[in-house]
Each structure stands twice: as C-alpha cells, then as structure tokens.
Amino acid sequence: MGNHLFYNTEGIVLRAIAYGESHLIVTLLTPAGRVVALARGAKKPQSRLRASTQLLTRGLYSITQHSGMGTLGQAEVLETYRSLRESLELAAYAAYFCELAAAAAEDRPHGSVALYQQFSGTLHRLRAGQDIPQIVARVWETKVLRMVGASPNWQLCVRCGEPLSEVADYRSKAGGFLCAQCVVQADSNGRTPDFSLLVPTALAQVLTRFAETPWERLGEIRLKSENLNRLDQILRIQLTDYAGIVLRSRRFLDQLDELSKGVNTSAGEIDQRHDEAGSHQV
Ligand SMILES: [Zn+2]
C-alpha cells in the first residue's frame, strides 16, 4: 500500500503495552489528539526507543501512519518525569491522570491543543508538589469534564439557570446543582431517590475556577478536607454518569487512600488569595 503519512509531533506517553517479546504499542497524547503507534524493539535494553517510550515521557516523535496503527520511527526525549515514577503514590496518580487523558482525548487529528496543554500542566503541578495529589486530581477531573462536555455551569441551577444561594444542592440525576425551588420540584416528582449533597456555594465557585483557570494562572489551592471529599463525590458521579469514564487506576488510588487514612494531609480554609487572576478569599 502506498498510502503512508509521515509526520513529526510532540507527545506524552499515556500507555505502553508489550507486543511480543520486544515491541511496545504506545499511546501518545499529542496536541492534535491521541496516537497509537508500534515501537519496534523498544523493550530491548539497547533500543534507541527505550527511553522515549516510557510512561509519562514527553518527547518529539516521528510517526509513519498506515491505514491503522502508526509506526514509531525516531524519537527524542524532552522530559522524563522520572520523579513521578519513583514514588508509589505519585506514580499511581500519574497513571490515573494518563488514563483520564486517554479516555477524554479524540484520535489525531481531531484532538484539542487545550487538552494536551492542560494535561502537561497537570503533570507539572503533580511533580511540583505544592498541592497535595488529591487536589491536583480534582482539578484535572474538573478540566476533563469541561473538555468532554460533561460539565454544567457550576454556578447556576442546572434546571432553571438561576444563580445559586449560599447553599447548593448537588443532585446526581440533575448532573449539577439545584436551587432551593427546583429541589422542591425534583423531590415531589422523583420516583427513585436521588443522591443529594449540600455544599457551600463557595465550592461551586471553586469548581468553576478549576474548570476555567489554566494551570499556569491557578495559584496555591487549599481546601478543607471535608470540601475536598465533597468535590471527590461530585466529580466521581459526573465522570461515571455524564462522561461515561470509569477507570481501573482510580480503584487502585482508592485503595491507596484507604491505606493512608488517618494521616492528616490537608488543612486550612478555602483560600483563593494566591490566584494571579485576582480572585477573592472565600
Ligand atoms: Zn432552579
């Protein structure tokens, strides 16, 4: 077949699966979308593709695209994120972030530059260590929801579109927050019980901030652990019920979190003072 397309692209390795004894099938996230390519011999210790096909590596890749899967030719490593692979907790979070990116991405060339940039920013933020990994995870989930179109306008009632009062009621069947009036209607019409979670409206503002503010302008993030747990519950439902994303790596993270229960990892009030965007303290 003579229909080959050759291109060079920057990319980050989201997944690398053994193929035969010496080959790897790698999934890359590129600025133009997801690419799956065969890396011949990449498992061999002396392979020139070995370093560039490690999970999380950011590099420049030369790919020949056939009708189906591409073939990886040359590659140059730009960044290894080695420190993320050396800690069990960080590696588990990074793996989850990769799976989330792979689930959210469209195949090349239909992907989005924003997804690539914000995923790259997520890895940088995880490596920087200024926020606990749980917070980086909630921000990345919020951004993914927005980018796959499974995110409501967090600051409005999803049923009537009115702004929320001091307390917002998250409803799983509504896929967002309801105002007090719509809660009454939902409860009188509902035949099966709905998951409900009351949160301060400040938390709805936090979700908007996570979704809309790029990583580079997102200042230090501090959340009370109870609010972090609330975000976890809400985002988990949005991801599974509205984005259709259920990931194996998430279950591993849950097990890790169970193990570290009792260790005090977060404290403090919701604090938005440090945003360059000039937001206010809640
Ligand atoms: Zn309403």
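Residues numbered from 1 in each chain as written. Predicted model: local features only at pLDDT ≥ 70, side-chain atom pairs only at ≥ 80, totals over all residues. Heavy atoms only, no water.

## Quick notes on the environment of Gly 73
For the record, the criterion: Secondary structure counts use DSSP, requiring at least four H or I residues in a row for a helix and at least two E residues in a row for a strand, with both numbered from the N terminus. For the exposure calls, accessible area comes from a 1.4 Å probe over protein chains only, and a residue counts as buried if that area is under 20% of its type's maximum, exposed if over 50%, partly exposed in between. In what follows, residue pairs with any heavy atoms lying within 4.5 Å of each other are defined as contacts.
Considering the arrangement of structural elements, one finds Gly 73 in strand β5 (residues 70–79). Look at Gly 73 and you get partly exposed, because its relative accessible area is 29%. For the pair Gly 73 and Leu 38, spaced 35 residues apart in the sequence, the C-alpha separation amounts to 9.1 Å. Ignoring any residue separated from it by four or fewer positions in sequence, one finds Gly 73 in contact with Arg 48, Leu 49 and Ser 62.

## Quick look at the coordination of the zinc ion
Metal coordination angles in their ideal form are 109.5 degrees for the four-donor tetrahedron and 90 or 180 degrees for the six-donor octahedron. For clarity, the threshold we go by: Listed donor atoms are N, O and S within 2.8 Å of the metal (Na, K and Ca: 3.2 Å). As water is not included, a site may look incomplete. By the criteria applied here, four donors are tetrahedral when all angles lie between 85 and 135 degrees, four are square planar and six octahedral when opposite donors are over 155 degrees apart and every other angle lies between 65 and 115, and any other arrangement is irregular.
All of the protein donors around the zinc ion are Cys 157 (SG), Cys 160 (SG), Cys 179 (SG) and Cys 182 (SG); their distances to the metal are 2.3 Å. Around the zinc ion sit four donor atoms, and with donor-metal-donor angles ranging over 105 to 116 degrees the site reads as tetrahedral. Donor residues for the zinc ion, ordered by position in the chain, follow C-x2-C-x18-C-x2-C. With a relative accessible area of 3%, Cys 157 lands in the buried category.

## Describing helix α5 (residues 180–189)
Where we set the bar: Note that the arc is computed from the directions linking the helix axis to the C-beta atoms.
Taken as a whole, α5 has its buried residues at Cys 182, Val 183 and Ala 186. In an axial view of α5, the angular spread of the buried residues amounts to 105 degrees, which keeps them on one side of the axis. Turned more than 90 degrees off the buried face of α5, the exposed positions are Ala 180, Gln 181, Val 184 and Ser 188. For α5, the secondary structure elements touched by its buried residues are β6 (167–171) and β7 (176–178).

## Describing the pattern of salt bridges
When charged atoms on two side chains of opposite charge get close, those side chains can pair. Our working rule: By definition, a salt bridge exists where a carboxyl oxygen of Asp or Glu is found within 4 Å of a side-chain nitrogen of Lys or Arg.
Within the structure shown, the criterion is met by 15 salt bridges. The residue Glu 79 makes a salt bridge to Arg 127 at a minimum N-O spacing of 2.7 Å. Remark: Arg 127 occurs in helix α3 (residues 113–128) and Glu 79 occurs in strand β5; sequence separation between them is 48 residues. Taking relative accessible area as the criterion, Arg 127 reaches 33% and is therefore assigned partly exposed. Salt-bridge contacts for Arg 236 lead to Asp 232; the nearest nitrogen and oxygen are separated by 3.4 Å. Residue Arg 236 and its partner Asp 232 are both found in helix α7 (residues 225–242); the two are separated by four residues, about one turn of the helix. Look at Arg 236 and you get partly exposed, because its relative accessible area is 29%.

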